[in-house]
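Take a look at the letters that make up each chain.
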Amino acid sequence: MTATTFRHSAYDAVVVGARCAGSATAMLLARSGLRVLAIDRARYGSDTLSTHALMRGGVLQLHRWGLLDAIRRAGTPAVRATSFHYGRETLTVEIEPRGGVDALFAPRRTLLDSVLADAAAEAGAEVVHGVRLADLVRDRLGRVRGAVVEDAAGRFTRVEAGIVIGADGARSTVARLVGSEAYHAGAHAAATVYGYWSGFAVGGYRWHYGPGTAAGAIPTNDGRTAVFVAVPRERFFRETRFDLEAGYHRALAECAPSLAAFVTMGRRDGKLRGFAGEPGYLRPSHGPGWALVGDAGYFRDPITAHGMTDALRDAESLARAVVAGGDEALASYERSRDAIGRGILDLSDAIASFSWDLETVQDLHRTLSRAMGQGVKAIARFDDAGADPARSGDDRAA
């Protein structure tokens, strides 16, 4: 048997991970004319743990890249309002049309990751699923010069690359192999349990907060709503881990009785899914011949549902740096990521601590909203920076 055969033996970039961050990066690099290989160990279109919700910055990116129509055509509900419930107080925020965004969307990852992977392939990137990174290739000075890829049968293929980009999640193999350790980390982690429910509609994003708990409802594809609860990690290990079902319903009833009532009337599709939590971090995300993007380099607690939006923004920032070339461009990518990301990480960490009262968490959300606005402004600056790989090809979202 022979090893997996790729189109080429050498690439301008090898992207490890072909989900949200990786496929977006591969697409933008390919649209800029680079020869790109993107690999992922999972099968094409597979599901993964996710917060689902895209914020304005993420929707704006899909619009700019000409991909938002594909999300709409798949029947993803348009979210035109989001409500915050602090005990008995409710604050509703309408989504104002601005910059090509007139609604928010929360696509299932089976949809979003596939749309991005297809767009990368359409742009000319080679996208291969079912293979994994086994090792990095280095020259005698230690610079990364390529990758060793292993297929499902245990066969190895070596490819050369101008840069290897790790977009392979929090447990990134690329980060481990290059020795990238966190230089800024959170102190808290919220544990989250969610399920998909049908038979009712919530009319937009809903976020609920109560003493020691948070909950929410996020409308997604196929008439389903993702209903989640979040609790301190210690409570998860004390209660929910041993009885996921009972712990989920108990926390939901405590924090959001109205959502608990919806769930009682609806029907669940599939099993509950749980994430025990992990403190956020920023890792060094560039070095000789390598870079990190998405959760591989920057993870914030999912309680603020900002991971996918951050990943899409940072994918474009990194792609521009790679196209520009040179270590200073990559250093600038990391600085710009940190300028926005550190604030969102710290705010997510504070909310995940559950050491707040309802007035304090409202203040945290107001500060978070301003930080999210800075992210949208950073995306707008991409259009002011000259050549834009995001606009290569047809604008199917126009």
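Check the entry above for the structure.
So, how was this worked out
Residues numbered from 1 in each chain as written. Predicted model: local features only at pLDDT ≥ 70, side-chain atom pairs only at ≥ 80, totals over all residues. Heavy atoms only, no water. Helix = DSSP H or I, 4+ residues; strand = E, 2+ residues; numbered from the N terminus. Contact = heavy atoms within 4.5 Å. Areas by Shrake-Rupley, 256 points an atom, 1.4 Å probe, with all protein chains shown as cover. Lys, Arg positive; Asp, Glu negative; His and termini not counted. Charge placed at Lys NZ, Arg CZ, Asp CG, Glu CD. Buried < 20%, exposed > 50% of the residue type's maximum accessible area, 1.4 Å probe, protein only. Pairing = 2+ DSSP bridges. Expected span 1.5 Å × (residues − 1). Arc of directions from axis to C-beta. Core = buried A, V, L, I, M, F, W, Y, C linked by side-chain atoms within 4.5 Å. Bend = angle between axes of the 7 residues up to and from the residue. Phe/Tyr/Trp six-rings, centres within 6.5 Å; stacked < 30°, edge-to-face > 60°. Lys NZ or Arg CZ within 6 Å of the ring centre and 35° of its normal. Axes fitted to C-alpha atoms, helices over the stretch in contact; angles between N-to-C directions. Left-handed = near helix turned anticlockwise from the far one by under 90°. Nonpolar A, V, L, I, M, F, W, Y, C, P; charged D, E, K, R; others polar. Salt bridge = Lys/Arg side-chain N within 4 Å of Asp/Glu carboxyl O.

It is not clear to me how the overall build of the protein should be interpreted in this structure. Could you clarify?
Of regular secondary structure, the protein possesses 11 helices and 18 strands. Considering only C-alpha atoms, the protein reaches an extent of 60 × 45 × 35 Å along its principal axes. Intrachain contacts of the protein at a sequence separation of at least 6 include 74% that bridge at least 24 residues. Accessible surface for the protein amounts to roughly 16200 Å². Of this, 51% is attributable to carbon and sulfur atoms. Taking the average place of the 48 positive charges on the side chains of the protein and the average place of its 46 negative ones, the gap between the two points comes to 2 Å.

In this structure, what is going on with the pairing of strand E3 (residues 81-86)? I would like to understand it.
Regular strands place side chains that alternate from one sheet face to the opposite one. The element E3 is largely enclosed, with a buried count of six among its six residues. Alternating positions in E3 separate into two faces, Ala81, Ser83 and His85 on one and Thr82, Phe84 and Tyr86 on the other, with burial throughout. Sheet topology places E3 next to strand E4 (residues 89-94); six bridges connect them, and they run antiparallel. In the strand pairing of E4, Thr82 is matched with Val93. In textbook terms, the turn of a hairpin is the stretch between consecutive antiparallel strands, and for E3 and E4 this stretch comprises two residues, one of which, Gly87, has a positive phi near 60°. Judged from the five bridges that link them, E3 and strand E11 (residues 205-210) form a sheet pairing that is parallel. Bridging across to E11, Tyr86 finds its partner in Tyr209.

Explain helix H7 (residues 244-255) to me, please; I cannot follow it from the model alone.
Working note: α-helix, 3.6 residues per turn, so residues spaced by three or four point in the same direction. For H7, which comprises 12 residues, the first-to-last C-alpha distance of 16 Å matches the rise-based estimate of 16 Å (1.5 Å per residue) to within 8%. Burial in H7 covers these residues: Gly247, Tyr248, Ala251, Leu252 and Cys255. Buried residues along H7 cover an arc of 125° about the axis, so they all sit on one side.

Looking at this structure, how should I read the nonpolar core?
One broad rule of soluble globular proteins: the nonpolar side chains tend to lie buried together. Membership of the largest hydrophobic core comes to 86 residues, with the highest contact counts inside it found for Leu62, Trp65, Leu116, Ile165, Tyr205 and Trp207. Top contributing element to this core by residue count: helix H10 (residues 327-352), with nine residues. Formed by 21 residues, the second largest nonpolar core is a distinct cluster that contains Val14, Leu37, Ala147 and Ala296.

Even after reading the chapter, I still don't get H10, so can you show me in this structure?
When the terminal C-alpha atoms of H10 are compared, their 35 Å separation across 26 residues agrees well with the 38 Å that a helix rising 1.5 Å per residue should span. Bending of H10 peaks at approximately 35° at the position of Gly341. Where H10 ends, the next residue or the one after it, Phe354, has phi of about 60°, a positive value.

Would you mind going over the packing of aromatic side chains with me for this structure?
We describe a pair of aromatic rings using the distance from one ring centre to the other and the angle between the two ring planes. This structure, assessed with the given rule, holds 10 aromatic pairs. Following the ring pairs from residue to residue traces out a cluster consisting of Phe84, Tyr86, Tyr209, Phe354 and Trp356. If you follow Arg108 out to its NZ or CZ, it ends over the ring of Tyr196, 3.9 Å from the centre.

Help me understand the packing of helix H1 (residues 20-31) against helix H9 (residues 307-324), please; the structure alone is not making it clear to me.
To describe two helices that pack against each other, one gives the angle between their axes and the distance between the axes. Taken N-terminus to C-terminus, the directions of H1 and H9 make an angle of 35°; their axes are 8 Å apart at the nearest point. As for the relative orientation of H1 and H9, their crossing is right-handed in sense. The segment H1 lies against H9, with Cys20, Ala21, Ala24, Thr25, Leu28 and Leu29 engaging Met308, Ala311, Leu312, Ala315, Glu316, Leu318, Ala319, Val322 and Val323. Of the residues belonging to the contact of H1 with H9, the class tally is 13 nonpolar, one polar and one charged.

When you look at the sheet that holds strand E9 (residues 184-185) in this model, what are you seeing that I'm missing?
The strands making up a sheet associate through hydrogen bonds between their backbones, and the pairing can be parallel or antiparallel. Spatial strand order, E9-E15-E18: three strands in an open sheet with antiparallel pairing. Edge positions in the sheet fall to E9 and strand E18 (298-299), since each has one partner strand and no second. As defined by bridge partners, strand E15 (residues 281-282) adjoins E18 across two bridges and the pair is classed as antiparallel. Residue pairing for E18: Leu282 is matched across the bridge by Tyr298.

Hey, could you run me through the pattern of salt bridges in this one?
Pairing is possible between side chains that carry opposite charge, provided their charged atoms lie close to one another. In total, this model carries 24 salt bridges according to the counting rule given. In this structure, the salt-bridge partner of Arg72 is Asp102, at a minimum N-O distance of 3.1 Å. Highlighted residues: Arg72 in helix H3 (residues 68-73) and Asp102 in the loop between E4 and helix H4 (109-122), separated in sequence by 30 residues. As a salt-bridge pair, Arg80 and Asp102 come within 4.0 Å of each other at their nearest N and O atoms. Of this pair, Arg80 sits in the loop between H3 and E3 while Asp102 sits in the loop between E4 and H4; the two residues are 22 residues apart in sequence, bridging distant segments of the chain. Among the residues examined, Arg80 registers a relative accessible area of 42% and is labelled partly exposed. Residue Asp102 is classed as partly exposed on the basis of its relative accessible area, which comes to 30%.

So, to be careful, I would describe these as geometric facts and stop short of saying anything about function.
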